[in-house]
Amino acid sequence: MAVTPKDVDYIAALAHLKFGEAEKAAMVTDMNNILSYMEKLNELNTDQVDPLTAITDAENVLRPDEPKTMLQNEDALSNAPSKIGPFFRVPKVIDQL
Amino acid sequence: MNHPKYEAVIGLEVHAQLSTKTKIFCGCSTKFGAAPNSQVCPVCLGMPGVLPVLNEKVVEYVIRMGLAHDCEIAEKSTFARKNYFYPDLPKGYQISQYEDPICANGTVRFKLEDGTEKSVRLMRIHMEEDAGKSLHDQHQDTFVDLNRAGTPLIEIVSMPDIKTAEEAGAYLTKLRQTVRYLEICDGNMEEGSLRCDANVSVMLKGSTVFGTRTELKNLNSIKFVEKAIEAEIARQIDIIEEGGKIIQATMLYDPHRNETRVMRTKENAHDYRYFPDPDLVMVHVTPDRIDSVRNNMPELPDQKQARLISQYSIPAYDAEVLSADKELAAYYEAVCRETSDYKAASNWVMGEVMRVMKEKLLSIGEFSLSSSQIAGIVNLIKDGKISTTIGKQLFEELLANGGNPAEVVEAKGWIQVSDTGAIEAVIDEIIAANPGQVAEFLSGKDKLFGFFVGQTMKAMKGKGNPKVINDLLVQKLEALKK
């Protein structure tokens, strides 16, 4: 199940990234290398092993429904590359969903 | 809508914002209408290194919703990341549930306009977080307010058991009523507390193979849900009749033109690459936990309806009208605590009270008369102190100027006259003043009896006891016949 340039295009589109042809070829190689490295795991028989969704055995870590201190608006916006008034500001995007 | 050749297959996905005080994974307030980006913290802003912790109320509320619809409550369920990029989703993924939702396989039962009972199966109910809000129309750029990011949602997914727009509306009405009864969501569609997407397809009647479906997004009132589905069904039938094919797509409904438009097609549909969220541990719901939620469940609409019928001996119709709204039912029951004439209380609440609410577009909470004032009117009538006619006059007076019903009746001199002597004197005057009508009545025109009742009432300014007036008039007029 080798990665093709088409797969790279698809994943790049999902990640909103653009690659030139040379970069894309390098990605194909890198991704195939990563996959073959991970292939090693398939040598293990995991028929009797439940999928792991969390690395601890903890369950029901819950908190009471009580308000905590929130950030001031200026602090919330302080890392924003662009802002206007109390808002984060981004280039117009309608429906890229 | 009933097409002779085609039938529709409809499934609804409903998002309900839970009315918790804080967000699902952090302690930020969820209050509606706060200043932009004032209810945020590193967790809901998606800053690196933070850890989401689940709000215990969210678990309780979603179990309530599941139990109210006979769902199986999963002993173990997990959260997953749904990945997509959009500016109002700061982490680049939405925390949701995917493979093992907390509730599955339920039923929603409701009634249609004509009284038909209908049930729709639920596929699942799961917990997730809401996204923030993008404001597109203020400026050439988009402004983002993240106050809503992380607000707890439950998503209620139906099976494709809905056949018409009317059924979809009735289903949604029942869900809204239920979340309000359960006190888990305010059900306000205009403010977005309850949102609906609809999956719609059509097929030849009797077919078992579903057609290609489209998804209608962001329908923000029950009326629009119905109209959008109607419009989409019609659009699909037209395409098929003209020999075309339905393309799987997401549609937007334009209420001004009453039409649906393609927003995006499947070619650029998303691949959300769900995977388990390693930041959140498993939710384990024990049978004890389920029992404790069940034991603290508020009464459901159908239960309340049944109880109103048995407790107050009112007709099923009355119970249905009164229990449509939880606050209205509470108001009715408050009236009943101060009077023993439950049926009259129901007539007053369903009649005058609801008429005024409708005319002035008020909720029962905004209606100005208290349940004690209504009970006061009911009791004055029950005790024969005023007639129903004066009762309505009193109702208007209380609406206009307020006051204690008994005191107002006293002050206005509206106490009903039941004294036979006084009424007899008035009747004698009416008979003496209307010899023509008396003669006609005596010659067999029985209908004129009403004329005498009316005249007597009028002469007594509505204060005469109708029963006494009737009895005395019968006596007097019969005596004249002999």
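Residues numbered from 1 in each chain as written. Chains lettered and ligands numbered in written order. Predicted model: local features only at pLDDT ≥ 70, side-chain atom pairs only at ≥ 80, totals over all residues. Heavy atoms only, no water.

Caption draft 1: Inspection of the overall build of chain B at higher detail. Summing up its helical and strand segments, chain B has 15 helices and 17 strands in all. Expected size for 482 residues packed as a compact globule is a radius of gyration near 23 Å; at 30 Å, chain B overshoots this value by more than 25%. In terms of principal-axis extent, the alpha carbons of chain B reach across some 95 × 55 × 50 Å. Buried positions account for 52% of the 482 residues belonging to chain B. For chain B, the share of sequence-separated contacts (at least 6 apart) that also reach a separation of at least 24 residues comes to 68%. In the structure as shown, chain B presents an accessible area of about 22,400 Å², 50% of it carried by carbon and sulfur atoms. (Helix = DSSP H or I, 4+ residues; strand = E, 2+ residues; numbered from the N terminus. Rg over C-alpha atoms; globule rule 2.2 N^0.38 Å. Buried < 20%, exposed > 50% of the residue type's maximum accessible area, 1.4 Å probe, protein only. Contact = heavy atoms within 4.5 Å. Areas by Shrake-Rupley, 256 points an atom, 1.4 Å probe, with all protein chains shown as cover.)

Caption draft 2: The sheet that holds strand 16 (residues 275-276) of chain B, seen in detail. Residues and elements named next belong to chain B. Pairing in this open sheet of three strands is antiparallel, and the strands run 6-5-16 from one edge to the other. Here the strands that pair on one side only, and so sit at the sheet edges, are strand 6 (93-96) and strand 16. Bridge count for strand 5 (residues 80-83) against strand 16 is two bridges, and the pairing is antiparallel. Across the sheet, the residue bridging to A80 is P276, located in strand 16. (Pairing = 2+ DSSP bridges.)

Caption draft 3: Region of the structure containing the side chain of R64 of chain B. All names here are of chain B. Along the chain, the position of R64 falls in helix 1 (residues 56-68). Looking at R64, the relative accessible area reads 9%, which means it is buried. Residues contacting R64, with those up to four places away along its chain left out, are L182, E183, I184, V293, N296, M297 and P298.

Caption draft 4: Up close: the sheet that holds strand 9 (residues 133-135) of chain B. What the four strands build is an open sheet, ordered 2(A)-3(A)-10(B)-9(B); its pairing is antiparallel. Every interior strand has two partners, whereas the edge strands, strand 2 (83-84) of chain A together with strand 9 of chain B, have only one. As paired strands, strand 3 (residues 87-90) of chain A and strand 10 (residues 142-145) of chain B are joined by three bridges and run antiparallel to one another. Counted as the bridge partner of F88 of chain A is V144 of chain B from strand 10 of chain B.

Caption draft 5: Seen up close, the interface of chain A and chain B. Counting from both sides, the interface comprises 37 residues of chain A and, opposite them, 54 residues of chain B. The junction of chain A with chain B conceals about 4,000 Å² of combined surface from both sides, 60% of it contributed by carbon and sulfur atoms. Notably, a salt bridge pairs D141 of chain B with R89 of chain A, separated by 2.7 Å at the nearest N-O pair. Viewed at the interface, chain B and chain A are joined by 22 residue pairs in polar contact (both at pLDDT 80 or more). Ranked by the residues each element gives to the side of chain A that touches chain B, the list is headed by strand 3 of chain A, at four residues. Its residues assigned to classes, the side of chain A that touches chain B comprises 22 nonpolar, seven polar and eight charged. In the sheet, strand 1 (residues 62-63) of chain A pairs with strand 2 (residues 54-55) of chain B via two bridges, with the strands oriented parallel. Paired with L62 of chain A across the two strands is L54 of chain B, which belongs to strand 2 of chain B. (Buried area = accessible area lost by both parts, 1.4 Å probe. Salt bridge = Lys/Arg side-chain N within 4 Å of Asp/Glu carboxyl O. Polar contact = N/O pair within 3.5 Å; in protein donor to acceptor, adjacent residues only side chain to side chain. Nonpolar A, V, L, I, M, F, W, Y, C, P; charged D, E, K, R; others polar.)

Caption draft 6: Layout of the domain arrangement of chain B. Residue and element names in this part refer to chain B. Per the domain assignment, the segments of chain B are domain 1 (6-291), domain 2 (299-412) and domain 3 (420-481). Using C-alpha coordinates to define each centre, domain 1 is positioned 37 Å away from domain 2. Each side of the interface is counted separately: domain 1 has nine residues, and domain 2 has twelve residues. Counting the surface domain 1 buries against domain 2, the share from its top three residues, Q177, R180 and Y181, is 63%. (Domains from an automatic or database assignment.)

Caption draft 7: Spatial organisation of empty space enclosed by the protein. Scanning all chains against the criterion turns up two cavities of 30 Å³ or more. Of the pockets and cavities examined, the largest cavity occupies roughly 50 Å³. Considering the residues around the largest cavity, the lining is formed by C44, L89, P90, K91, E129, D130, A131, A149 and G150 of chain B. Here the residues of the lining of the largest cavity sort into five nonpolar, one polar and three charged. As a volume, the second largest cavity reaches approximately 40 Å³. For the second largest cavity, the full set of lining residues is N60 and V61 of chain A together with L54, F79, L280, V281, M282 and V283 of chain B. Residue classes in the lining of the second largest cavity are distributed as seven nonpolar, one polar and no charged. (1 Å grid on protein atoms, 1.4 Å probe; cavity = no way out; pocket = protein on both sides within 12 Å on 5 of 7 lines; lining within 4 Å. Points joined across faces, edges and corners; volume = space filled by probe spheres on them.)

Caption draft 8: Structural detail: the confidence of the model for chain A. For chain A, per-residue confidence averages 89 on the pLDDT scale, and 95% of positions sit at 70 or higher. Ranking the elements of chain A by mean pLDDT puts helix 1 (residues 5-14) of chain A last, at 90, and strand 1 of chain A first, at 97. (pLDDT = per-residue confidence, 0-100.)

Caption draft 9: Fine view of helix 10 (residues 388-401) of chain B. Residues and elements named next belong to chain B. An ideal rise of 1.5 Å per residue puts 20 Å on 14 residues; helix 10 measures up with 20 Å between its terminal C-alpha atoms. Along helix 10, the residues that are buried comprise I390, G391, L394, F395, E397, L398 and L399. Once helix 10 finishes, G402 follows within two positions and takes phi at roughly 70°, a positive value. (Expected span 1.5 Å × (residues − 1).)

Caption draft 10: Representation of the packing of aromatic side chains within the structure. Residues and elements named next belong to chain B. Enumeration according to the criterion identifies 14 aromatic pairs over all chains in this entry. Centroid distance F25 to F79: 5.4 Å. Interplanar angle 85°. Geometry classified as edge-to-face. One end of the pair, F25, is in the loop between strand 1 (6-17) and strand 2; the other, F79, is in the loop between strand 4 (76-77) and strand 5, with 54 residues separating them in the sequence. Using a relative accessible area of 5% as the deciding quantity, one classes F25 as buried. Through successive ring pairs, a cluster of aromatic residues spans Y84, Y98, Y272 and Y274. When the ring centre of Y272 is taken as reference, the NZ or CZ atom of K82 above it lies at 4.3 Å. (Phe/Tyr/Trp six-rings, centres within 6.5 Å; stacked < 30°, edge-to-face > 60°. Lys NZ or Arg CZ within 6 Å of the ring centre and 35° of its normal.)

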